[in-house]
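Below are the chains, spelled out letter by letter.
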Amino acid sequence: MYNVLNICVIFFFLCLTSQAQVLRDSKGQDFWLAIPSNDHIAGLTNDPAIVAVFVATTQATQVQVDARRRDGTVDKYAVQVPAGVVWEFRFSADLYELRGATTIGSFGQDDERPNPASIHVTATSDVTVYAVMRDDNTSDAWLVLPTDALSTSYIISSYESDASGTNAYPSQFVIVATEDSTDISIDLSVDRSSRADGSRRTVTLNKGESYLLQARVSPGRTHDDLTGTRIRSTKPIVAISAHKRAQVPVLSGIASRDCLVEQMPGTDTWGKQVLVPPLAPSSTNPPFNVDDVSVCRIVAQRDSTIVTVNGSTPWRIDAAKYWDVPLDRALNIVATQPILVTIIDRSANRSNNSNSKPGDPSLIVVPPYEQFLDVYRVVTIEPRISGNAFYTAHHITCLAPNSAIATLRVNGVPPSQIIPIPGSLFSYTTYNVNVGNHLATCNEPFGIIVYGYGPAESYGYTGGMAFQRLFEPSLRLRTTDARGLAGSIDTVAVVVDSIDNVENLILSGIRNVRCDVSFDASIFVPTNQDSLSINGTLLTTHMRYMFDTLHIGDTIGIICGVHTLGMTTASKAHIDTAMWSTSSGLPIPVRSYAIHGDIETLGICEESQDKRLFDPTAKKRVRLMFYDVLGRKFDSSAENLPVGVYYER
């Protein structure tokens, strides 16, 4: 009598191990930048408008700069930079700066078209790079992010456009591609730009190409703001938020203005708690009125983000929308979803008198406390070429845990005044420093911003931060079942079973996965023999899958094979590992879970001697024969058969 074995199907979950995440921070060996449009007026000196690139080192390194002009000409510089210094490279704004709109109703020569202008900095060891746009009465600085800290998803934080007479001062941003054939989609926060109506733009850029987009400043509509514009790309890009010359806040027709520049962090690096210090006040520059204060702008990544500031009544912000809070005191900002926080310093002069009061607008990204580091090398700037120094005050403000702020040092000097931030476990302190290179350290991670003032002039930037992907995507993979008679052809597929947060997955920049699946090859023999490893009868197949997007139900790998008579009747198809990476191969941590499927050879019968029979319909034994694992018949003698697994019936 034959006993048919019934195999019970059992699913179980396994949390897969993923590769360790390498720290992404503001130090690196490869950097890209481009120069947004600035407003150039008759200044106080005959100095030409310049762009300065500062490279800060911790050890001696070879620095290479390839600067491409607007006409495509490449200027190359190579310098051996000593350890512990900041090396400055200067470039003419006329040759490298993208040209935008200058008057109401106009658009610029470089608006919304691929342009060769960009600057590429490489080094043989880790460095930090800062950039400065400099002209009299219109300057700003920014932290240049290394290529390995870039993202494929950004939301712009700028400020509203403005006009004075016939002059246009648009909100704007610049994109730079770091790889060829980078497809970029742009969803504007407004329904038009300087070039065209409509909110959607698409462009393909090659490595080193830049793309300037400006808001339209037209009669009767002068205050469009590109804050909230979404940018997505198929490969990592640079996104630099800017403003040609902002009045902050917009209160009157008579006000000093200044350009704004800051490189945007990718949305996958945003945090949920941000501590914002007030900027060092000037006793010689009192506010024009109660509304004349610097602005803290909070941008939400997702809908229904609930934000509290210093324990205030919660405020709801939807995706790509923002909330401006007066920066007249320290702020403790807590959100239920990731947010981006920037400081926009106020205009300093609001009268017909000469522009002599210190300060003016600048744009500073405030790092969330999750992205603090424990050491920074920063630079306070004075790029005027001739005459007296233009900047009269330089400040470094640090935020550190109360438990460690006493260990804070800037150039070896402890803090002189420590000010607690209400409702938090952090305090801040401000150092007044000279122009030059500064080293800041602390026993625990802390935040840092750098800024300075001159007559109707300022600069400000993030001194550094980590760019870790804070909210890892999580998903579940599943191997499909494969059941069939011995000799039948079948497939085992690896599919996406569920995704916990599609937005997190999109923002992560994942474009590749390598998946390892193992099973008992004695009952299922693969026909695709690539990327296999075998240990006894346990076979592991290594599958790679490239994609632009990933959805539930997508198949990321297929194993074709043949059911056989083997060492057992059933085996689990284990997903052993899933290794995720960007298009350029940078690893991305993902919480991956697995549902293991079943491989089963059906129709297996056994006699009392526990001998498996290939043909379950056989009624009687005619003579003793031997079969291999594919069911092929051999002679009745087992002698002289090749090495293998055989069964008799």
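Counting restarts for each chain: residues are numbered from 1 in the order of the written sequence. The predicted nature of this model means local features are confined to residues of pLDDT at least 70 and side-chain atom pairs, given and counted, to a pLDDT of 80 or more, with totals for whole chains, interfaces and linings taken over all residues. The side-chain quantities take in all heavy atoms of the structure and omit both hydrogens and water.

Undergrad: Help me understand the overall build of the protein in this model?
TA: Across its full length, the protein holds two helices and 47 strands. When accessible area is computed with a 1.4 Å probe and restricted to protein chains, residues below 20% of their type maximum are described as buried, those above 50% as exposed, and intermediate ones as partly exposed. Buried positions account for 57% of the 649 residues belonging to the protein. Sequence separation of 24 or more characterises 78% of the internal contacts of the protein that already satisfy a separation of 6 or more. All accessibility values rest on the Shrake-Rupley procedure with a 1.4 Å probe; residue burial counts only the protein chains present in the view. Of the roughly 25600 Å² of accessible surface on the protein, 52% is carried by carbon and sulfur atoms. Numbering of helices and strands runs from the N terminus, with a helix taken as a DSSP run of H or I at least four residues long and a strand as a DSSP run of E at least two residues long. A contact between two residues is defined here by any heavy atoms of the two lying within 4.5 Å.

Undergrad: Which parts of the structure should I look at to understand the packing of aromatic side chains?
TA: One pair of aromatic rings is described through two measures. These are the centre distance and the angle between the planes. Put simply, two rings from Phe, Tyr or Trp (the six-membered ring, in Trp's case) pair if the centres are within 6.5 Å, and we call them stacked under 30 degrees between planes, edge-to-face over 60, tilted for the rest. Taken as a whole, this structure holds 12 aromatic pairs when the rule is applied. Ring geometry for Phe91 against Tyr96: centres 5.3 Å apart, planes inclined by 70°, an arrangement best described as edge-to-face. The exposure class of Tyr96 is buried, given its relative accessible area of 4%. On the numbers, 4.9 Å between centres and 50° between planes, the contact of Tyr130 with Tyr461 is tilted. A residue pair is termed long-range when its members are at least 10 positions apart, and Tyr130 in strand 7 (residues 118–135) and Tyr461 in strand 31 (residues 457–462) qualify at 331 residues. In this structure, Tyr130 and Tyr461 share a single accessibility class: buried.

Undergrad: Is there a simple way to think about unusual backbone geometry in this case?
TA: Both trends apply: most residues other than glycine have a negative phi, and most peptide bonds are in trans. Looking along the chain, the bond that leaves Val248 and enters Pro249 is cis, with omega of -20°. With respect to the element layout, Pro249 can be found in the loop between strand 16 (230–246) and strand 17 (258–263). Backbone geometry places Asn310, a non-glycine residue, at a positive phi of 55°. Positionally, Asn310 belongs in the loop between strand 20 (305–309) and strand 21 (315–317).

Undergrad: What should I look at first to understand the sheet that holds strand 37 (residues 532–535) in this one?
TA: What links the strands of a sheet is backbone hydrogen bonding, and the strands pair in either a parallel or an antiparallel sense. Paired strands are those between which DSSP finds at least two bridges. A sheet is described by the order of its strands in space; here six strands give the open sequence 33-42-40-35-38-37, paired in mixed fashion. Looking at the sheet topology across the chains shown, the edges are occupied by strand 33 (482–485) and strand 37. Strand after strand, the sheet turns through a mean of 20° between neighbouring axes, direction not considered. The pairing of strand 37 with strand 38 (residues 538–546) spans four bridges and is classified as antiparallel. Residue pairing for strand 38: Ile534 is matched across the bridge by Leu539. Axes here mean lines fitted to C-alpha atoms, for a helix over just the part in contact, with angles spanning 0 to 180 degrees between N-to-C directions.

Undergrad: Hey, could you run me through the confidence of the model for the protein in this one?
TA: Do not read the fine detail of predicted coordinates wherever pLDDT is low. Note on scores: pLDDT gives the predictor's confidence for each residue, bounded by 0 and 100. Mean pLDDT over the protein works out to 86, with 86% of the residues at or above the 70 mark. Low pLDDT, under 50, characterises residues 1–14; the stretch is placed with 40 contacts to residues that sit more than four places away or in other chains. Contacts for the low-pLDDT stretch residues 17–21, under 50 throughout, to residues beyond four places or in other chains number 15 contacts.

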